[in-house]
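Understanding the architecture of this molecule
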Amino acid sequence: MRLRWRPDDHGAATIQILYIVLIGLMFAAAIIGGGSVLAARSQGYSLAQSAARAGAQQIDLAAYRATGQLRLDPARAAQAALQFLAAAGATGSVDGVTAATITVTVTSRQATPALRTFGHPTVTVTSTASATATPVEPA
């Protein structure tokens, strides 16, 4: 009787399952990290919108009374937007103030614990929003 040598495949399923679990964990880390970045971007955009609205309320009253045209006071609009950001504990800048529009950018660093093992412990998130001064008609 002759014995034939057969390759032993015991443990092959275990290796495959380990690979699948590893890929699943990497996918979950990417989803969680991406979700935290999207949440930070959404919060930054909300802050930028609110700061821009605070700046858009600073109209040049003398010009409005004299000409009837609604224009922003650039210095006061920028100051109001930056004060709003400071009160909210956010970092940002006023990118520009035109006659009727103010643009604000908010920058934050978002921690990404799930992506730390892949070399991305934090991500810089920037959000920009604009607001335009508009007259309100009396009710």
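Residue positions are counted from 1 within each chain, in the order its sequence is given. Selection of residues for local features in this predicted model requires a pLDDT of at least 70, selection of side-chain atom pairs for listing and counting requires 80 or more, and totals for whole chains, interfaces and linings are taken over all residues. Hydrogen atoms and water are omitted, and side-chain values are computed over all heavy atoms in the structure.

Description of the sheet that holds strand β2 (residues 101-111)
- Across the sheet, three strands lie side by side as β1-β2-β3; this open sheet has antiparallel pairing. With partners counted over all chains shown, the strands left at the sheet margins are β1 (91-97) and β3 (122-132), one partner each. Each adjacent strand pair in this sheet contributes to an overall mean axis angle of 20°, direction not counted.
- Of the strand pairs in this sheet, β1 and β2 are connected by six bridges, and their pairing is antiparallel. Across the sheet, Gly 92 pairs through a bridge with Val 106, a residue of β2.
- Helix-sheet contacts for helix α1 (residues 12-56) involve β2 and β3, and the interaxial angle to β3 is about 30°.
- Packing against the sheet, helix α3 (residues 74-88) makes contact with β1 and β2, and its axis sits at approximately 160° to β1. The pairing criterion is simple: DSSP has to find at least two bridges between the two strands. Each helix corresponds to a stretch of at least 4 residues labelled H or I by DSSP, and each strand to a stretch of at least 2 residues labelled E; elements are numbered beginning at the N terminus. Only the contacting stretch of a helix is used when fitting its axis, a line to C-alpha atoms as for every element, and angles between N-to-C directions run 0 to 180 degrees. Here, two residues are considered to be in contact whenever any of their heavy atoms come within 4.5 Å of each other.

Here's the deal with the side chain of Ser 127
- Within the secondary structure, Ser 127 sits in strand β3.
- Residue exposure (1.4 Å probe, protein chains only): buried if accessible area is under 20% of the type maximum, exposed if over 50%, otherwise partly exposed. Judged by its relative accessible area of 5%, Ser 127 falls in the buried class.
- Not counting residues within four places of it along the chain, the set of residues in contact with Ser 127 comprises Arg 41, Gly 44, Tyr 45, Ala 48, Val 104, Thr 105 and Val 106.

As for the pairing of β2
- Taken together, β1 and the strand that follows it, β2, pair antiparallel across an intervening segment of three residues.
- When β2 meets β3, the two strands line up antiparallel, connected through eleven bridges. Counted as the bridge partner of Ser 108 is Val 125 from β3.

Some points on the nonpolar core
- We define the nonpolar core as a collection of buried residues of types Ala, Val, Leu, Ile, Met, Phe, Trp, Tyr and Cys that are connected through side-chain atoms lying within 4.5 Å of one another. Counting residues in each nonpolar core, the largest one holds 15 residues, and the members touching the most others are Ile 102 and Val 104.
- If you list the elements that add at least two residues to this core, you get α1, α3, β2 and β3.
- For Val 104, the residues in contact, after removing those within four places along its chain, are Ala 48, Ala 51, Ala 52, Ala 81, Leu 85, Ser 93, Asp 95, Ser 127, Thr 128 and Ala 129.

So, the packing of α1 against α3
- Closest axis-to-axis distance for the α1/α3 pair is 7 Å, and the angle between their directions is 140°. Accordingly, the angle class assigned to the pair α1 and α3 is oblique. Where α1 crosses over α3, the handedness of that crossing is right-handed. In contact with Leu 47, Ser 50, Ala 51, Ala 54 and Gly 55 of α1, α3 contributes Ala 77, Ala 80, Ala 81, Phe 84, Leu 85 and Ala 88.
- For the contact of α1 with α3, the per-class residue count stands at nine nonpolar, two polar and no charged. Each angle gets one of four labels, with under 35 degrees taken as roughly parallel, over 145 as roughly antiparallel, 65 to 115 as roughly perpendicular, and the rest as oblique. Each helix crossing is assigned a hand: it is left-handed if the near helix lies turned anticlockwise from the far helix by less than a right angle, otherwise right-handed if that turn is clockwise. Lys, Arg, Asp and Glu make up the charged group, whereas Ala, Val, Leu, Ile, Met, Phe, Trp, Tyr, Cys and Pro make up the nonpolar group; the residues left over, Gly among them, are polar.

Description of the pattern of salt bridges
- We define a salt bridge as a contact between a side-chain nitrogen of Lys or Arg and a carboxyl oxygen of Asp or Glu at a distance within 4 Å. The final tally for this structure, using the stated rule, is two salt bridges.
- Ionic pairing is found between Arg 71 and Asp 60, a salt bridge with its closest N-O pair at 3.5 Å. Taken as a pair, Arg 71 in the loop between α2 (61-67) and α3 and Asp 60 in the loop between α1 and α2 lie far apart in primary sequence, eleven residues in all.
- Asp 60 sits in the partly exposed class, given a relative accessible area of 22%.
- Note that Arg 76 is salt-bridged to Asp 73, the shortest N-O span being 3.6 Å.
- For Arg 76, a relative accessible area of 36% translates into the label partly exposed.

Nothing here speaks to function; it is all geometry.
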